[in-house]
Amino acid sequence: MDKEEVEARRNASKDTHTVCSLGLCLAETNSTTCNKGKQSSRPPSPPSVKAVVILLPCVESGKEIMHALRHDILPPSGVEFAVALRLTPSVIDRPAAKHVSSFLNIVTARSNVLRVYDVREQPLIASGHAENEREKRGHVRKGTEPVEGEVEMDEAGDGWVNVGAVKSTGRQDSATTLRFYFVKEHILHGTITGMEKVRTISSNEDQLDRLVISFRDAKIALLEWSESTHDLLTVSIHTYERAPQLASIDSALFHAALRADPLSRCAALSLPKDSIAILPFYQTQAELDIVEQDQNLARDVPYSPSFILDFVADVDPKLRNVIDFAFLPGYNNPTIAVLCQAEKTWVGRLKEYRDTARLYIFTLDLLNHTYPVITEVDGLPYDCTSLLPCAASLGGVIILSSNALIHVDQAARRVALPVNGWASRVSDMPMLPLEKDLELALEGSHLVLADEKTFFVICKDGMIHPVEIVSDGRTVSKLTISPALAQTTIPATTTQLDGGLLFVGSTVGPSVLLKAHRVEEDLPSGVEEVTAPAAVVDIQLTMEIDDDDDLYGESKTAMQLAPNGTVPGGPIPRTRSDRYVPELVAATGSEHLGGFTLFQRDLPARVKRKLHVLGGARGIWSFPVRQSHRVNGTSYEKVTNPFLGEHDTVVISTDANPSPGVSRVATRAAKTELAIPTRIPGTTIGAAPFFQRTAILHVMTNAIRVLEPDGTERQNIKDMDGNMPRARIKACSICDPFVLILREDETIGLFIGEAERGKVRRKDMSPMGEKASRYLAGCFYTDSSGIFDVVATECAVAAPSNTEKSTTTTLQAAVSGGSHSQWLVLVRPQGVMEIWSLPKLNLVFSCNAINGLDPLLADTFDGPALSLPQDPPRKPQDLDVDQILLAPLGESAPMPHLFIFTRGGCVTVYEAIPSFTTIDLTSPPNGRLSFLKVKFSKVATKNFELPRQEENEKTILAEQKRISRVFVPFVTSPSSGQTLSGVFFTGDRPSWILGTDKGGVNIFPSGHTLVHAFTACSLWESKAEFLVYSDEGPSLLEWLPDISLDTRLPKRTVPRSRSYSNVVFEPHSLLIVAASTLQARFASYDEDNNIVWEPDGTGISLPHCDCSTLELISPDGWVTMDGYEFAPNEYVNALECVTLETLSTESGTKEFIAVGTTIDRGEDLAVKGATYVFEVVEVVPDPSSSYQRWYRLKLRVRDDAKGPVTALCGINGYLVSSMGQKIFIRAFDLDERLVGVAFLDVGVYVTSLRSLKNLLLIGDAVKSVWIVAFQEDPYKLVILGKDISRVYATSIDFFFSNNELAITTCDEEGVLRFLSYDPTDPDSKGGQHLLCRTEFHMHKECRSSLIVARRAKEEPEIPQARIINGYTDGSLSTLTPVDEVVFKRLHLLQGQLSRNIQHVAGLNPKAYRIVRNDTVSKPLSRGILDGQLLQGFEGLGISRQNEMTREIGTERTAVLHDWTSVAVPW
């Protein structure tokens, strides 16, 4: 491959947005001001070195130099494949909640991530804005409205896409709307290449579809939903990787496409060498009888043996070079249409070979293995790309080409509709006349059927064009296309759903669900209908698309890291209080969906103000209480507006110091001040509103008190046993009208309020067993979801909701209706969790192994357990449940979740789901009278390393040092129209536990070192504020606006309506410099500047080429301060912030912005390039601007080059740049010119440069990586070593730890390699060859990387290097050094996990990571740990964890300690 080929390859790829570089920028951020922060995470460079110094340590021969963990911190995002099906029982058995209705599932895939969603119908709540928009649209005259549906990003960052407006003559407003709900996510050990739905013989029993998935290495997996495990179950795996067709095929050139027959008779997987693998499925018992198989195997074996169909040998010798294939509906036997190209051609050979595409339609006889051809059509345009089967009533297929749409029916009749002037120039096929105003480009477009005779063309820019198929019966006469109805996301896949719904998945933007309507429109009076030209739609019928009231994008894809963007950076000041917080800035999206995405490790929040007067080191509670007035001795409630949400009126705080503690009752005084009218001696354990919010229930260490709204005491119940004091109260749960207290001796007390008397009394607990029973934890739960449904064995046992008359409240002070049921959850010391119905205390659920943290907790149908006190007293265990909470979690439809915290530091979250287990009510087990039809499925697990404390220490000092780790539920409204129900976990590992509709449950660190107390607070009339007592004292917090919580890392999106190829951070001015990628018309000129070609016909225009602009952006508001526009045919390849020597500063160095560009000059002239050096200078701000400081980009030098400048970096105050096959080192002379001091002839095409002190890494598109050293006296570049393998190095880095250094490389196939420089190894030939020590297959291309410092607890002088990589599929990963002892332990565990747990789709994790290398006898797989595989250990049950660690001779606590110490983002 020569230089011109590499350059052409790069330019062609850039046009399709697949290999543009993606970079990362770790910046320190502050939400309010732009103060100067830390400068860099890299080790500082030493003074200039005057001689060559080799810093690479030598190692013993054959020894692996370093160990590392590669771990995904953000999974792939976007939708590459999607299928709509009825997968889960929720679409058959309607959920108990009447307001929730699921009618189908959508399964999406990207790379190796599989996600399952529910699509639910919900009541539509029309906003005032929507009503105003509809009224406004009704007064717009027809034909004058703008193009509907320009893409708009929702302020909350969810990526809603408005795809058109319903005209005034359209349908009436629907009563329901559609929403996505996250169900399940799996990260597979295989790259998904296709998904289809099928129905097997078992579908006749459960009415559910099955899911078929294909993988890159030629495998098919059949999956179904298992109700018993509430997860996907692998039915079978079919592999063809050892088929002859795959014996010598390069995997990068092969795409395993999957198709399924519409009637589920078979599925087909494309294979190399023009063949497909057929997997037949049984549909009826009669089919089983025909093949003489045992009828009892119908459910176990839903398929017959698969086989491989060779098109050339079995169908037609001319059926070669398959482009696309599809199954056609409406045939008695499975029928396939295959689009192929018997003779390959390209634009330069069109005079000799054109119209080389062919279409074959043939049937499959699965019994006799015969394949008669029904239709054969040749003479199709060479640029045909895909097929769309038409409806069975019409027949035929639609063929998509770059310049035309073609319909071919079974009789081989062709009807072609050109969409631009190029169609007639590249094809001789007869076509309909071209409308003069029509000029579309169909490259990257997708087709999807809207109804039987209408389909949509969704162009690569998101424009939706409806195409009408005009026919007489089954004979098509023409195709008519109308102007764009709307603009949606950039499509990657399209799927037709029932009911006129269309799903458009995108890999670079939000994925959306559309609903199409056909509406009748009247012709204006006096206008006669005339025959419309081929490109004009008939005005009597148009296709309408609902507005965003009926349209919800999938927010998992609102953030995309694919396929372009780079970011290095530095400190953008965003702080939490006075601490700088690193923030990762990524350039994401493409074209009009481009912009920035900002990631933080912790959930970003900002301090609104300090509240030192409040205190609250032992607890804070904020809630609303209704004020009552007394008239003639009778209390009357103050009348409030029922339409206004109640805000908090009372804040109660408590401190342990001074002993015995103090409690305060605070109210709002002035605008931002607090008044504390009441102080109470003693420590508060809990407080909540009571008696329908007319009083305060106040629990202290030895009493239960009822307070008036002003804090005066109404009732005081001492917690006494006769005259003897009981043990101190350590915890409580309050749920009007019930109170639960837990004492330090593990006994409990239950109280109930009497609303008529306004007093509290003890409640009889005799149904629960002995009075002296011991309990570890407990809580109340008020169900508003309808999930908690009880089956009773006697008619007299009524549901608790029918007997409970008092209004209930949740702990977070959200009013619930009086009809909502209430429940009591208790945990006994032996690990038994019981759920009791209230108020009658009937045991309805019992699980005897809750401390085992199994993936599924189900009712074991036991009676009340015995938990009497033991002698000697039982000692606490690490697996004991310390805290338990049952609370709602979610966004638009919160569902009950169970939160468990064990003494060993494990936080586990379970989701309550309906259980369909049948119970024999005639003979109930263990005398139980009621059964709760729920079970709990594990959805999140997080292990924390906790400091050990002395259990027996009871001193006052120990009490003050005690860390309170509790779950605090809350409800917040971070933005208008959004409400989140979540849980905060306090203590020394404070975390937010949140669930969203489209992201599931995530656990985010809060960023605090220690949080003593927490509560949601709306005292100042804001539903988005929190009171937090942290290590910095009491303060009022709020989240940063527009935060998205659907991913593992909290993120904020900054839409910019254009994509960015490179981003860097300028540390001196604390600004971001970004290179945007735009499109410009390209005209080719000769050497004399005469234009070579101009458009010369209708529908013909100049081509487009990439161009770039440079933008100086302030992260405070993301305002563009300045910019630089390059030539229309010039685009940026490299952008770096480099430190160069200068005379303008005292230190002699300064940061400059270096830019390398390519200048395209057409096919006949070689490309050129240029190097730019910019300086960010401060100027006088505009008086009308709110910014106190303003900056500009000042061009210091422009240096033309004879070739493209593809990579840049700085080394010891000099600029390193590539130009073609050379590397130049230049000095910045007098701040006005670049003077060359050294150069080196390198490979073919330099892709990246990295420097460390005086060492330089050079990555090449063909010759992998070189390492060279730079000396200054005399100036010289010395080659130290080369990698002799032919590898496309897309990203290279230095990787160092504990005096060890390795070179990491990533190639375009996704292989990560560790290389070492070892002159003592004979294989290195004295160090001339770099030795490959480890190979690890990532299966995705890395286009950017960033090194950050990782400091261990010992605080070494030189920190370790952690590498953050960004990938073209939107994922982020880290590469972290691992000590040898830890590596050995985790490596053994990795083997256990690979062998001893069932992996989804039956895939092999070890084979997934192995790299084929014919130069070594065994794979070089040792050295890098697979974080994806190790992450599964944390979610296993305790028994499975112990079983696996026992096999490798270690303990689960040691393994979890190792994992938690290395598996952090940064």
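Summary of the structure given here.

This part covers the sheet that holds strand 49 (residues 738-743). The strand order 48-49-50-51 describes an open sheet built from 4 strands, whose pairing is antiparallel. Two strands close off the open sheet at either side, each with one partner strand: strand 48 (729-735) and strand 51 (759-762). The mean inter-strand angle of the sheet, taken between neighbouring strand axes irrespective of direction, is 25 degrees. With 4 bridges joining them, strand 50 (residues 748-754) and strand 51 adopt antiparallel strand pairing. From the neighbouring strand, isoleucine 752 faces strand 51, where its bridge partner is arginine 761.

The first and last C-alpha atoms of helix 9 (residues 1380-1396) sit 24 Å apart over 17 residues, in line with the 24 Å expected at 1.5 Å per residue. Among the residues of helix 9, Val1382, Phe1383, Leu1386, Leu1389, Gln1390, Gly1391, Gln1392, Leu1393 and Ser1394 are the ones counted as buried. Residues of helix 9 that are buried make contact with helix 10 (1405-1409), strand 95 (1424-1426), helix 11 (1427-1434), helix 12 (1438-1447) and helix 13 (1452-1462).

Okay, helix 11 next. Most of helix 11 sits inside the fold, with 6 of its 8 residues counted as buried. Every buried residue of helix 11 is listed here: Gly1427, Gln1428, Leu1429, Leu1430, Phe1433 and Glu1434. Backbone nitrogen of glutamine 1428 and a side-chain oxygen of the N-cap are separated by 3.2 Å at the start of helix 11; the cap is aspartate 1426.

Taken together, the 4 strands give an open sheet; going across it, the order is 76-77-78-79, and neighbouring strands pair in antiparallel fashion. Bordering the open sheet on either side are strand 76 (1130-1141) and strand 79 (1190-1201), each of which pairs with just one other strand. This sheet shows a mean twist of 25 degrees between the axes of neighbouring strands, independent of strand direction. As defined by bridge partners, strand 78 (residues 1168-1179) adjoins strand 79 across 11 bridges and the pair is classed as antiparallel. Opposite valine 1176, over in strand 79, you have leucine 1193 as the bridge partner.

So, on to the side chain of threonine 493. Examined against the element boundaries, threonine 493 turns out to sit in strand 28 (residues 493-496). With residues near it in sequence (within four places) discarded, threonine 493 still touches Val79, Glu80, Phe81, Ala82, His446, Phe503, Val504 and Gly505.

Our next topic: the side chain of serine 1264. Structurally, the position occupied by serine 1264 is in the loop between strand 85 (1255-1260) and strand 86 (1265-1272). A polar contact of 2.6 Å, which involves the side chain of serine 1264, links it to the side chain of aspartate 1283.

The subject of this paragraph is the packing of helix 11 against helix 13. Any two packed helices are characterised by how steeply their axes cross, that is the angle between the axes, and by the distance between the axes. Their axes nearest at 11 Å, the elements helix 11 and helix 13 cross at an angle of 130 degrees. The angle between the axes of helix 11 and helix 13 places the two elements in the oblique class. The handedness of the crossing between helix 11 and helix 13 is left-handed. Residues Gly1427, Leu1430, Gln1431, Phe1433 and Glu1434 of helix 11 form the contact with helix 13, whose own contacting residues are Arg1452, Val1455, Leu1456 and Trp1459.

Here the focus is the packing of aromatic side chains. Using the criterion set out here, one finds 39 aromatic pairs in the structure. Residues phenylalanine 861 and phenylalanine 931 carry aromatic rings whose centres are separated by 5.7 Å and whose planes lie at 65 degrees to one another, so their mutual orientation is edge-to-face. Of the two residues, phenylalanine 861 sits in the loop between strand 57 (856-857) and strand 58 (881-889) while phenylalanine 931 sits in strand 61 (residues 930-932), which places them 70 residues apart along the sequence. Ring pairs connect the aromatic residues Phe970, Phe984, Trp992, Phe1014, Phe1026 and Trp1039, which therefore count as one cluster. A cation sits over an aromatic face here: arginine 120 above tyrosine 181, 4.2 Å from the ring centre. Between the NZ or CZ atom of arginine 1226 and the centre of the ring of phenylalanine 1224, over which it lies, the distance is 4.9 Å.

Turning our eyes to something else, we now look at the pattern of salt bridges. If charged atoms from side chains of opposite charge come close, those side chains can pair. Under the criterion given, the structure shown has 64 salt bridges. Across the pair arginine 743 and aspartate 719 runs a salt bridge, and its minimum N-O distance is 2.7 Å. You can see arginine 743 sitting in strand 49 and its partner aspartate 719 sitting in the loop between strand 45 (713-718) and strand 46 (720-721), a full 24 residues away along the chain. For arginine 743, a relative accessible area of 2% translates into the label buried. Here aspartate 859 makes a salt bridge to arginine 928, at a shortest N to O gap of 2.7 Å. Taken together, the residues aspartate 859 in the loop between strand 57 and strand 58 and arginine 928 in the loop between strand 60 (906-914) and strand 61 connect sequence positions 69 residues apart. Here aspartate 859 and arginine 928 have matching classes, each one buried. Beyond isolated ion pairs, a larger network of salt bridges with shared partners links Asp719, Asp721, Arg726, Arg743 and Arg762.

Rules used throughout
- Residues numbered from 1 in each chain as written.
- Predicted model: local features only at pLDDT ≥ 70, side-chain atom pairs only at ≥ 80, totals over all residues.
- Heavy atoms only, no water.
- Pairing = 2+ DSSP bridges.
- Helix = DSSP H or I, 4+ residues; strand = E, 2+ residues; numbered from the N terminus.
- Axes fitted to C-alpha atoms, helices over the stretch in contact; angles between N-to-C directions.
- Expected span 1.5 Å × (residues − 1).
- Buried < 20%, exposed > 50% of the residue type's maximum accessible area, 1.4 Å probe, protein only.
- Contact = heavy atoms within 4.5 Å.
- Polar contact = N/O pair within 3.5 Å; in protein donor to acceptor, adjacent residues only side chain to side chain.
- Parallel < 35°, antiparallel > 145°, perpendicular 65-115°, else oblique.
- Left-handed = near helix turned anticlockwise from the far one by under 90°.
- Phe/Tyr/Trp six-rings, centres within 6.5 Å; stacked < 30°, edge-to-face > 60°.
- Lys NZ or Arg CZ within 6 Å of the ring centre and 35° of its normal.
- Salt bridge = Lys/Arg side-chain N within 4 Å of Asp/Glu carboxyl O.

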